Amino acid sequence: QVQLVESGGGLVQAGESLKLSCAASGSSVITTAMGWYRQAPGKPREFVAKIFRSGTTNYADSVKGRLTISRDNAKNTVYLQMNNLKPEDTAVYYCNVERSPIWGGPYWGKGTQVTVSS
């Protein structure tokens, strides 16, 4: 079992920055990819970014160049640095740990709200 807790969301103006954090805890060492998804009002949940233990990253085209994902393997923590935020970034952001063939999953956090005003 893995528990995920997100933090760092808030209300900012367009062009400002936020940094989200997600700490994983439990009996399993996180060796699979960790990432972020988001869900805006009236829209389905969408992929934002993910990062493998090696440091390889994937980004949605809409956030590439503005958002940067990173992880601290020793802390089982993933981060999302969000720069030059836009109103369309407004959403609930969810932390994710991809499925392990050994330990199961995927696992999801409860989400943290990011609101960007124009």
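Residues numbered from 1 in each chain as written. Predicted model: local features only at pLDDT ≥ 70, side-chain atom pairs only at ≥ 80, totals over all residues. Heavy atoms only, no water.

This next bit is on the environment of methionine 82. Relative to the helices and strands, methionine 82 is located in strand S8 (residues 77–82). Each C-alpha atom of the pair methionine 82 and glutamate 16 lies 8.4 Å from the other, and the pair is 66 residues apart in sequence. Sequence-distant contacts of methionine 82, that is, excluding residues within four places in its chain, are made with Glu16, Ser17, Leu18, Leu20, Arg66, Leu67, Tyr93 and Val114. (Helix = DSSP H or I, 4+ residues; strand = E, 2+ residues; numbered from the N terminus. Contact = heavy atoms within 4.5 Å.)

Right, let's talk about the state of the cysteines for a bit. Enumeration according to the criterion identifies one disulfide in this entry. The residue that forms a disulfide with cysteine 22 is cysteine 95, at a sulfur-sulfur distance of 2.0 Å. Every disulfide takes its handedness from the sign of the S-S torsion; for cysteine 22 and cysteine 95 that torsion is -85°, giving left-handed. With cysteine 22 in strand S3 (residues 18–26) and cysteine 95 in strand S9 (residues 91–97), this pair connects stretches of sequence that are 73 residues apart. The two residues cysteine 22 and cysteine 95 agree in class, both being buried. (Disulfide = S-S within 2.5 Å. Buried < 20%, exposed > 50% of the residue type's maximum accessible area, 1.4 Å probe, protein only.)

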